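Examination of the molecular architecture
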Amino acid sequence: MRIYTGKGVYGAIAIGKISIFSRQQIAITKLHIEDIDAEKARVQAAKEKSIAQLQEIYEKALKDVGEANAQIFEIHMMMLEDDDYNDSISDMIESKHVNAEYAVSVTAENFSEMFASMDDSYMQARAADVKDISNRIIRNLSMDAESENAMSDKMIICADDLSPSETILLDKDKVYAFVTAYGSSNSHTAILARNMNIPAVIGVGEAFLNKIKNGITAIVDGYTGEIFVDPDNETLERLEKKQAEDIQKKKLLLDLKGKENITLDGTKINIYANIGGVDDVKSVLENDAGGIGLFRSEFLYLENSSYPTEEEQFNAYKKVLESMGNKKVIIRTLDIGADKQVDYFELDKEQNPALGYRAIRICLTRPEIFKTQLRALYRASAYGKLGIMFPMITSVSELIQIKEICDIVKTELSADGIAYSEDVELGIMIETPAAAIISDRLAPMVDFFSVGTNDLTQYTLACDRQNSKIESFCDTHHEAILRLIEMSAQNAHKNGVWIGICGELAADTTLTETFLRMEIDEVSVSPGFVLKVRDKVRSIDLSKKINN
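The shown structure was predicted, so the numbers you read here are calculated from the model rather than taken from an experiment. (Residues numbered from 1 in each chain as written. Predicted model: local features only at pLDDT ≥ 70, side-chain atom pairs only at ≥ 80, totals over all residues. Heavy atoms only, no water.)

1. Considerations on the sheet that holds strand β13 (residues 425–430)
Here eight strands make up a closed barrel; going around it, the order is β9-β10-β11-β12-β13-β14-β15-β16 and the pairing parallel. The sheet shows a mean angle of 25° between the axes of neighbouring strands, taken without regard to direction. Taken together, the four bridges between strand β14 (residues 448–451) and strand β15 (residues 498–501) define a ladder with parallel strand orientation. Looking at the pairing, Val451 lines up with Ile501 of β15. Where helix α19 (residues 479–494) meets the sheet, it contacts β13, β14 and β15, and its direction lies at approximately 155° from that of β15. (Pairing = 2+ DSSP bridges. Helix = DSSP H or I, 4+ residues; strand = E, 2+ residues; numbered from the N terminus. Axes fitted to C-alpha atoms, helices over the stretch in contact; angles between N-to-C directions. Contact = heavy atoms within 4.5 Å.)

2. Here we look at the pattern of salt bridges
Side-chain pairs of opposite charge can arise where the charged atoms are in close proximity. Summed over the entire model, instances satisfying the criterion amount to 21 salt bridges. The closest approach of N and O atoms between Arg332 and Glu298, which form a salt bridge, is 2.5 Å. Note that Arg332 is positioned in strand β11 (residues 328–332) and Glu298 in helix α11 (residues 298–302), a separation of 34 residues in sequence. The residue Arg375 makes a salt bridge to Glu310 at a minimum N-O spacing of 2.9 Å. Taken together, the residues span a long stretch of sequence, with Arg375 in helix α14 (residues 367–380) and Glu310 in helix α12 (residues 310–323) at a distance of 65 residues. On the basis of relative accessible area, Arg375 is assigned to the buried category, the value being 15%. Each member of the salt-bridge network shares a partner with another, and the members are Glu310, Glu311, Lys371, Arg375, Arg379, Glu412 and Asp416. (Salt bridge = Lys/Arg side-chain N within 4 Å of Asp/Glu carboxyl O. Buried < 20%, exposed > 50% of the residue type's maximum accessible area, 1.4 Å probe, protein only.)

3. Describing unusual backbone geometry
Even without glycine at this site, Asp230 takes up a positive phi of about 55°. With respect to the element layout, Asp230 can be found in the loop between β8 (226–229) and α9 (233–253). In the Ramachandran plot, Ala359 falls in the positive-phi region, its phi being about 50° despite a non-glycine side chain. Position of Ala359 relative to the elements: it lies in the loop between β11 and α13 (360–365).

4. What about helix α1 (residues 36–65)?
The terminal C-alpha atoms of α1 lie 42 Å apart, and with 30 residues this matches the ideal 44 Å at 1.5 Å per residue to within 8%. Capping of α1 at its N-terminal end is provided by Asp35; its side-chain oxygen lies 3.5 Å from the backbone amide nitrogen of Asp37. Residue Gly66 follows α1 closely and has a positive phi angle near 90°. (Expected span 1.5 Å × (residues − 1). Polar contact = N/O pair within 3.5 Å; in protein donor to acceptor, adjacent residues only side chain to side chain.)

5. Thoughts on a negative patch on the surface
On the surface, Asp83, Asp84, Asp87, Asp91 and Asp343 cluster together into a negatively charged patch. For Asp91, the position within the fold is in helix α3 (residues 83–96). (Patch = residues over 30% accessible without salt bridge, like charges linked within 9 Å, V, L, I, M, F, W, Y side chains within 5 Å. Areas by Shrake-Rupley, 256 points an atom, 1.4 Å probe, with all protein chains shown as cover. Lys, Arg positive; Asp, Glu negative; His and termini not counted. Charge placed at Lys NZ, Arg CZ, Asp CG, Glu CD.)

6. Side note on the state of the cysteines
A complete count under the given rule lists zero disulfides for this structure. Cys363 takes part in no disulfide bond, and the closest cysteine sulfur to it belongs to Cys406, at a distance of 10 Å. The class for Cys363 is buried, based on a relative accessible area of 1%. (Disulfide = S-S within 2.5 Å.)

7. Side note on the environment of Ala193
Inspection of the secondary structure puts Ala193 in helix α7 (residues 188–196). Here Ala193 falls in the buried class, since its relative accessible area comes to 0%. Leaving out residues up to four positions away in the same chain, Ala193 has contacts with Val9, Tyr10, Phe178, Ile198 and Ala200.

8. Quick word on empty space enclosed by the protein
Tallying each qualifying case throughout the model produces one cavity of 30 Å³ or more. Here the largest cavity is characterised by a volume of approximately 30 Å³. Residue lining of the largest cavity: Ile269, Ala506, Thr512, Phe515, Val523 and Val533, and that is the complete set. Classifying every residue of the lining of the largest cavity gives five nonpolar, one polar and no charged. (1 Å grid on protein atoms, 1.4 Å probe; cavity = no way out; pocket = protein on both sides within 12 Å on 5 of 7 lines; lining within 4 Å. Points joined across faces, edges and corners; volume = space filled by probe spheres on them. Nonpolar A, V, L, I, M, F, W, Y, C, P; charged D, E, K, R; others polar.)

9. Here we look at the pairing of strand β9 (residues 270–275)
Sheet faces and side chains relate simply in a regular strand, where the side chains alternate between the two faces. With respect to burial, β9 is a largely interior element, five of its six residues being buried. The pairing of β9 with strand β16 (residues 522–525) spans four bridges and is parallel. Directly across from Ala273, in β16, lies its bridge partner Val525. With three bridges joining them, β9 and strand β10 (residues 292–296) adopt parallel strand pairing. Opposite Ile275, over in β10, you have Phe295 as the bridge partner. In this view, the connection linking β9 to its parallel neighbour β10 by way of helix α10 (residues 281–286) has right-handed handedness. (Right-handed = clockwise from strand over helix to strand, strands pointing away.)

10. Some words on α12
In a regular helix each residue adds 1.5 Å, so 14 residues correspond to 20 Å; α12 covers 20 Å between its end C-alpha atoms and thus fits that length. Those residues of α12 that fall on the buried side of the exposure criterion are Glu310, Gln313, Phe314, Ala316, Tyr317, Val320 and Leu321. An end-on view of α12 places all buried positions within 165° of arc, on one side of the element. On the buried face of α12, the contacting elements are α10, β10, α11, β11, α14 and β12 (385–390). Of the residues flanking the end of α12, it is Gly325, one or two places downstream, whose phi is positive at about 60°. (Arc of directions from axis to C-beta.)

This is the structure in structure tokens:
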């Protein structure tokens, strides 16, 4: 038996035989060509075929992992239309008289190196995207069929790494788990694995691939990140028992539908769900969430090639509110910038985009965009129970400006005879240390706080949450983060304001009791985690003192 360790990205146990993922290797030969126009036409045809393929993958991803996670494939389609990328290929064909395959390959290498050399981790991640779309074009130029790694039996897939498109194209019915030598827990592939409910371990190391063979039995423990290759009987028996207990526990969670989120001593908490688009509402209802604690409205902008109109936004918000009935829906105003770039916003490249021009800073300096969204939100409020949440707040003056713009929008709607609810709650995200520290001054101005623990962790610890090299330094349970959350909770309650948590820590059940003792009123998690958190809440007894 050999044991390897990586990073578990979806907690479950898988036992089965190994299948090593293989890709078609296309040899790129540099050829001299005379007919430049014909070669350019070949590139255009391959691009069109690639876009059609990505559209099919996007449609599959919508069904399997929801709109928010399918977004990566729309981004790939947009990258295929990038002027700089296409001009580079075209110029190389014209000036060097080389074949299309070679021009695409060299362009991919140049762009990939450029992105990889940047300081910003978001831009570094674009290096892999450029390679992915370029390899797709080259495959289509070569006319070779795309490798499907067809399997007749269910297997554990092992690979150096998997691109998002390769991950989403895996037949879930034939995959026990997947293991990769490389990768980050924040990569698109890891996120897709979590949302596809596939046990997965990443970053196991190159030595793993060099020592395994097809058909060998292995056990993947997505909880611990361990892979047991050719396990002995004792290990097999122990993990089979753990697997059976895990499956039984997940079945028992279904019995929690319709039950209250209440501790053994009678303390209640709201458990809501995070979504990225209208199509995700179905999953919210299926998992019995009490409401929507975070609707990431920026995906309405990311999926468009131009600014979404007031009517487009209104229809989306209205549909969600109507679908949720009398349950609360909290919609975050657009959080464009940092790791969410949209070409038509024409944002400048920044050395530190997470610290730069993003979210509310864009809204307050481009009020026409902000007012359009607010008009759509207030109009939709007539169809349900709406809360509007503003991201990246750092000062009282920002909140004053926001409320003034909200008042202007409501006045205009009233003048136009357009209905809206007078009971819309206004809240802010506590995701900067500044907001937490001055939460005593911000609380009297709002109806609620929602802690965005992802960015709060990043800004408090000075750790880029997308940089895999510093994951070991990014302690999400750090005392400083917990103190900032507790401070915000105390200041919220002193001012009659409720407080929730909508970041990744909301689903961390090792902290559920800690949050309850802080008197957090609501946690908002991915729909698939609602029942798991409910189960944890119902097992806690806050009347018992904690032994220090």
